[in-house]
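What follows is each chain in one-letter form.
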6 protein chains.
Amino acid sequence: MYEKGVRMVDISEKKDVYRECIAEGYIKLKKETINIIKEGKAKKGDVLKVAQVAGIMAVKKTFELIPMCHPIPITGVNVEFEIFEDKIKATCKVKTTYKTGVEMEALTGVSVALLTIWDMVKSYEKLDNYKETRIYDIKVVEKIKKD
Amino acid sequence: MYEKGVRMVDISEKKDVYRECIAEGYIKLKKETINIIKEGKAKKGDVLKVAQVAGIMAVKKTFELIPMCHPIPITGVNVEFEIFEDKIKATCKVKTTYKTGVEMEALTGVSVALLTIWDMVKSYEKLDNYKETRIYDIKVVEKIKKD
Amino acid sequence: MYEKGVRMVDISEKKDVYRECIAEGYIKLKKETINIIKEGKAKKGDVLKVAQVAGIMAVKKTFELIPMCHPIPITGVNVEFEIFEDKIKATCKVKTTYKTGVEMEALTGVSVALLTIWDMVKSYEKLDNYKETRIYDIKVVEKIKKD
Amino acid sequence: MYEKGVRMVDISEKKDVYRECIAEGYIKLKKETINIIKEGKAKKGDVLKVAQVAGIMAVKKTFELIPMCHPIPITGVNVEFEIFEDKIKATCKVKTTYKTGVEMEALTGVSVALLTIWDMVKSYEKLDNYKETRIYDIKVVEKIKKD
Amino acid sequence: MYEKGVRMVDISEKKDVYRECIAEGYIKLKKETINIIKEGKAKKGDVLKVAQVAGIMAVKKTFELIPMCHPIPITGVNVEFEIFEDKIKATCKVKTTYKTGVEMEALTGVSVALLTIWDMVKSYEKLDNYKETRIYDIKVVEKIKKD
Amino acid sequence: MYEKGVRMVDISEKKDVYRECIAEGYIKLKKETINIIKEGKAKKGDVLKVAQVAGIMAVKKTFELIPMCHPIPITGVNVEFEIFEDKIKATCKVKTTYKTGVEMEALTGVSVALLTIWDMVKSYEKLDNYKETRIYDIKVVEKIKKD
């Protein structure tokens, strides 16, 4: 009996090409929580600064988290936020010159940035048991590949 | 000039209490991709098995990913999936007996499980540039705390 | 007094060359345990699927585990199993195009895959205190280097 | 359709108990390589010192490597070596006071210590393509559990 | 021949006790660099916010970095900065209730916070080849142990 | 409202160039501690061997510790020590052929090597509450860049 199963796709033959990917996603929060963030009054500290650092660091950890992802020499990362009335949008742009794309890296950056926002405001959102808190609409918005 | 900023909340005084948290979330995929998963024909291998292992391992990495999370002695983790026509639901249950809850751990388990599904079926979804692929509705569905 | 001691070998002058390495190894298990694995009845879940994912992920962690190993841009990994009456053989193939070979990566992949099998069937093997369980004959079976 | 699959076993109900485990294993090397190690002439530096540190550090990383292992508060680790004519024996003892045993930790410590020896003497063993180099007989030699 | 060498000290018999440690250290920078930091004009972004997050995260990684350190259930971390005319002081306070102290954790938090400041202002300090940039006077300033 | 904040500098356009950096630093210890180290009598084991391995491994972890550092293909690392009457000097040389320099890697290697020395002799230095123990004068001593 013989088991094949999963494998990390062989990219040995691919060429090093400049690649870029932008992903985005949202976290829905209570209006009061949004105000606390805007006014910089969250007890655990500056919510978006921490989320930004966490997102950038997570991009570099993608290959450890997603089992079949290749280790990739990341050459640039941006994580930015836009604050709305009852939600925050996180955007993550990742760059590399390598044999495979960086979609998973950008998506992971967005996910961890949003999870970190949740963690930073947990005490305000958990009063009603996170009834409305959620992370949603994480997607790829742009992919660039330049030969 | 003096900078205070963020801190990891002090839980030294809290008691060790049994705690459990269930989180869930979804990934929207093309119907054809869902069929490929169901029939076990994905080129990279068994999608949900890999996603399940990735989700469980990510729970143990939460304290490394989310900057202000405490390291927590996790005592049990389940990650499960339900497959629908054009989406997959991931559920993650985490248990501990410790001074703080495991919401962030359960949410991280769900997020990484869903990101892994995306990675495993990337080649099918990227044909139309991930136009409809997205991760959504990640939330806490149950929290238990027993003194 | 002056201490020199160990160092990470300098490979700066070496050229990027396609390299491949296959390693293999065995775990000896009780026949009943082998049957439980084959029938997919292990309480902790699908033994070989988990071991496969673990082996692939470990390949990417080699440079963190083996102190003098260089970080290497891995371009492909396979971990496969062959089941015998009272043992399982794990094979790990690793590919890269880089300045140094991937023997340690392939050997680490095999080792962690076998350790994971052990962990997954611990409850069956520990009844007689692991009297016969052992991991053995981990070796390099092929090395390719193409200029 | 519903996927259950693997899980990290729930140890929430178990009591904190003193536990200890000793594992051992061997690496077969050429006699000349053994002499180089004994005389401290290996080009990469002191083989067994590096292997010892690597083994101890690997014990602390077990929960990251073996997917279903629990994070465990390790309270003591020893890694020791015995040098024979054409082989080296590594022994790893791990201690904890926790809800589950440390077999996997001791086995992982042994495995990584042996892999590190291999890495440190690679240049001597690869001359004949690692024809005889192998890691073998990794097993649990003692388990203690004190209430 | 038998090798003993290093070991991770056995703390199995020790009691869980509340412990706290404060460490501090300095980085010397050019006055112009200090002004850039104060005015929030550093090109890479908010220097001290990033250094603070890095220091807190490093505390949790101490057991991975310092080979003989035990994994410790950290219950609280603060990293703070005081800005002087030509230097910045970093202070790190770490808390736990465990069998061993947290000096190494506090010292590691300070070190990584200071290294991160260096990295964030590298472009200003490297103009004269880091002639005056240095990290100094990292020490323990307080240790508390309450039975 | 829009948050930009920190980013990982974009090095996509930079060329792969051979780069080398040497950093150094000191730890001040009691004369008796220095003697214990020299005579190889430290209870936890060979202080400098462990510190050397820790420093080399830390170089490879720099991108995980310093948030905005790029992952870099390190091609060589040396960590060495010089022992004085009441202090030890650590020197770390790092090499790469890549788009950005390795100052942070060399500085991190020095820092972790010195922290490890501290950890290894903690029991001798803590008698007077680390009154004189300190890490100081960590700096870059040479940077080479060859086109």
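All values reported here derive from a predicted model rather than from experimental measurement.

**A closer look at the overall build of chain A**
Of regular secondary structure, chain A possesses 4 helices and 6 strands. Here the C-alpha coordinates of chain A stretch approximately 55 × 45 × 20 Å along the principal axes. Within chain A, buried positions represent 69% of all 147 residues. Pairs at least 24 residues apart make up 79% of the contacts formed inside chain A by residues separated by at least 6 positions. Summed over its atoms, the accessible surface of chain A is roughly 5,100 Å², and 47% of this surface lies on carbon and sulfur atoms. A gap of 1 Å separates the mean positions of the 28 positive and 23 negative side-chain charges of chain A.

**Thoughts on the UniProt feature "domain: Molybdopterin cofactor biosynthesis C (MoaC)" (unreviewed entry) in chain A**
UniProt marks residues 8-144 of chain A with the feature "domain: Molybdopterin cofactor biosynthesis C (MoaC)" (unreviewed entry), using the numbering shown here. Taken end to end, residues 8-144 of chain A is 36% helix and 34% strand, and its first and last C-alpha atoms sit 23 Å apart.

**Here we look at the pattern of salt bridges**
The final tally for this structure, using the stated rule, is 108 salt bridges over all chains. A salt bridge links K61(C) to E64(A); the shortest N-O distance between them is 3.8 Å. Here E64(A) lies in helix α2 (residues 47-65) and K61(C) lies in helix α2 (residues 47-65), a pairing that spans two chains. Judged by relative accessible area, K61(C) falls into the buried class, the value being 9%. Sharing partners across several salt bridges, the network here consists of K61(A), E64(A), K61(B), E64(B), K61(C), E64(C), K61(D), E64(D), K61(E), E64(E), K61(F) and E64(F).

**A few points about the UniProt feature "binding site: substrate" (unreviewed entry) in chain A**
According to UniProt, the "binding site: substrate" (unreviewed entry) feature falls on M68(A), C69(A), H70(A), M104(A) and E105(A). For this annotated set, covering 38 residues, all C-alpha atoms fall within 12.4 Å of each other, a compact arrangement in space. Relative to the assigned elements, C69(A) resides in the loop between α2 and β4 (74-83). Among the residues examined, C69(A) registers a relative accessible area of 4% and is labelled buried. Setting aside its immediate chain neighbours within four residues, C69(A) contacts M8(A), T62(A), F63(A), M104(A), D119(B) and K60(C). Look past the residues within four positions of M104(A) in its chain and what remains in contact with it is T62(A), C69(A), L115(B), W118(B), D119(B) and K122(B).

**Digging into the packing of aromatic side chains**
Across all of its chains, the model carries 12 aromatic pairs over all chains by this definition. When the ring of W118(B) is compared with that of Y130(B), the centres are 5.7 Å apart and the planes differ by 50°; the resulting orientation is tilted. Here the residue W118(B) occupies a position in helix α3 (residues 103-120), and Y130(B) occupies one in the loop between α4 (122-125) and β6 (134-146), the gap between them amounting to 12 residues. Comparing W118(B) with Y130(B), the two get one shared label, buried. For the ring pair Y26(F) and Y136(F), a centre distance of 5.4 Å and an interplane angle of 20° mean the geometry is stacked.

**Here we look at the pairing of strand β5 (residues 87-98) of chain C**
All names here are of chain C. Pairing between strand β3 (residues 17-28) and β5: 12 bridges, direction antiparallel. What sits directly across from A23, in β5, is C92. Pairing between strand β4 (residues 74-83) and β5: 9 bridges, direction antiparallel. Directly across from I74, in β5, lies its bridge partner T96.

**Topic: the interface of chain A and chain B**
In this complex, chain A contributes 41 residues to the contact, which on the side of chain B involves 41 residues. Across the interface of chain A and chain B, roughly 3,600 Å² is buried in total on both sides, 65% from carbon and sulfur atoms. Three residues stand out in chain A for area buried against chain B, namely K44(A), L65(A) and L115(A), and they jointly supply 15% of the buried area on that side. On inspection of chain A and its partner chain B, the count reaches 4 salt bridges. Linking chain A with chain B are 14 residue pairs in polar contact (both at pLDDT 80 or more), by the criterion used here. Contributing elements (two or more residues each) for the side of chain A that touches chain B: α2, α3 (103-120) and β6 (134-146) of chain A. Looking at the side of chain A that touches chain B, its residues break down into 20 nonpolar, 7 polar and 14 charged.

**Quick notes on the relation of the copies chain E and chain B**
Here two copies of a chain appear, and what relates them is a rotation about an axis with a shift along it. Structural alignment of chain E on chain B gives an RMSD of 0.0 Å, achieved by rotating through 120° and translating 0.0 Å along the axis. Taken together, the turn and the small shift mark the pair as related by a three-fold rotation axis. The rotation axis passes nearest to the C-alpha of P73(E) in chain E, at a distance of 4.7 Å. Here only 4% of the interface residues in chain E have copies in chain B that are interface residues too; the copies meet through unlike faces.

**Re the interface of chain E and chain B**
With 25 residues of chain E at the interface, the matching set in chain B holds 23 residues. A buried area of about 2,000 Å², summed over both sides, lies between chain E and chain B, and 57% of it is on carbon and sulfur atoms. Considering only the surface of chain E that becomes buried against chain B, K60(E), T75(E) and E80(E) emerge as the three largest contributors, covering 28% of it. K95(E) is paired through a salt bridge with D10(B); the nearest N and O atoms lie 2.5 Å apart.

**Regarding the state of the cysteines**
Residue and element names in this part refer to chain B. Tallied over the full model, the rule gives 0 disulfides over all chains. C21 provides the cysteine sulfur closest to C69, a residue in no disulfide bond, and the two sulfurs are 12 Å apart. C21 supplies the cysteine sulfur nearest to C92, a cysteine that is in no disulfide, at a spacing of 8.4 Å. Of the residues examined, C92 reaches a relative accessible area of 1% and is grouped as buried.

**Considering the relation of the copies chain A and chain B**
Aligned on chain B, chain A shows an RMSD of 0.0 Å; the corresponding rotation is 180° and the shift along the axis is 0.0 Å. The superposition of one copy onto the other is thereby described by a two-fold rotation axis. Nearest to the rotation axis, the C-alpha of Y136(A) is located 1.9 Å from it, this being the minimum over chain A.

**Things to note about a positive patch on the surface**
On the surface, a cluster of positive charge is made up of K14(A), K145(A), K43(B) and K126(B). With respect to the helices, strands and loops of the structure, K14(A) is situated in the loop between β2 (7-8) and β3 (17-28).

**Concerning helix α3 (residues 103-120) of chain C**
Between its first and last C-alpha, α3(C) extends 26 Å over 18 residues, near the 26 Å set by a 1.5 Å rise per residue. α3(C) sits mainly inside the fold: 18 of its 18 residues count as buried.

Here is what the cut-offs are and how they apply
- Counting starts from 1 at the beginning of each chain's written sequence and moves along it residue by residue.
- Chains carry letters from A onward and ligands carry numbers from 1 onward, assigned in written order.
- Where local features are concerned, this predicted model is filtered to residues with pLDDT of at least 70; where side-chain atom pairs are given and counted, the filter is 80 or more; whole-chain, interface and lining totals use all residues.
- Think of the side-chain values as coming from all heavy atoms in the structure, minus any hydrogens and water.
- Numbering of helices and strands runs from the N terminus, with a helix taken as a DSSP run of H or I at least four residues long and a strand as a DSSP run of E at least two residues long.
- Exposure classes here rest on a 1.4 Å probe applied to the protein chains alone. A residue is buried below 20% of its type maximum, exposed above 50%, and partly exposed in between.
- The contact criterion used is simple: two residues touch if any of their non-hydrogen atoms lie within 4.5 Å.
- Surface accessibility in these figures is a Shrake-Rupley result with a 1.4 Å probe; residues are shielded only by whichever protein chains are displayed.
- By the counting rule applied here, Lys and Arg register as positive and Asp and Glu as negative, while His and the ends of each chain are not counted.
- Where a charge lies is defined by one atom per residue type: Lys uses NZ, Arg uses CZ, Asp uses CG and Glu uses CD.
- UniProt positions are given in the numbering used here, feature names are shortened, and annotations may be inferred rather than shown by experiment.
- Within this document, salt bridges are pairs made up of a side-chain nitrogen of Lys or Arg and a carboxyl oxygen of Asp or Glu, the two lying within 4 Å of each other.
- Stacked, tilted and edge-to-face are the three classes applied to pairs of Phe, Tyr and Trp rings, where Trp contributes its six-membered ring and a pair requires centres within 6.5 Å; stacked means planes under 30 degrees apart, edge-to-face means over 60, and tilted covers the rest.
- By definition, two strands form a pair when at least two bridges between them are found by DSSP.
- Once two parts are brought into contact, the accessible area they lose, counted with a 1.4 Å probe and summed over both, makes up the buried area.
- The definition of a polar contact used here is a pair of N or O atoms within 3.5 Å, where within protein one atom must be able to donate a hydrogen and the other to accept one, and adjacent residues in sequence count solely through side-chain atom pairs.
- Following the grouping adopted for this structure description, the nonpolar residues are Ala, Val, Leu, Ile, Met, Phe, Trp, Tyr, Cys and Pro, the charged ones are Asp, Glu, Lys and Arg, and the polar ones are all others, Gly among them.
- In this comparison the copies share one frame, found by least squares on the C-alpha atoms of residues holding pLDDT of at least 70 in both.
- Only a pair of cysteine sulfur atoms within 2.5 Å qualifies as a disulfide here.
- For patches, a residue must show more than 30% relative accessible area and have no salt bridge; joins then use 9 Å for like charges and 5 Å for nonpolar side chains, namely Val, Leu, Ile, Met, Phe, Trp and Tyr.
- The length a helix should cover is 1.5 Å for every residue beyond the first.

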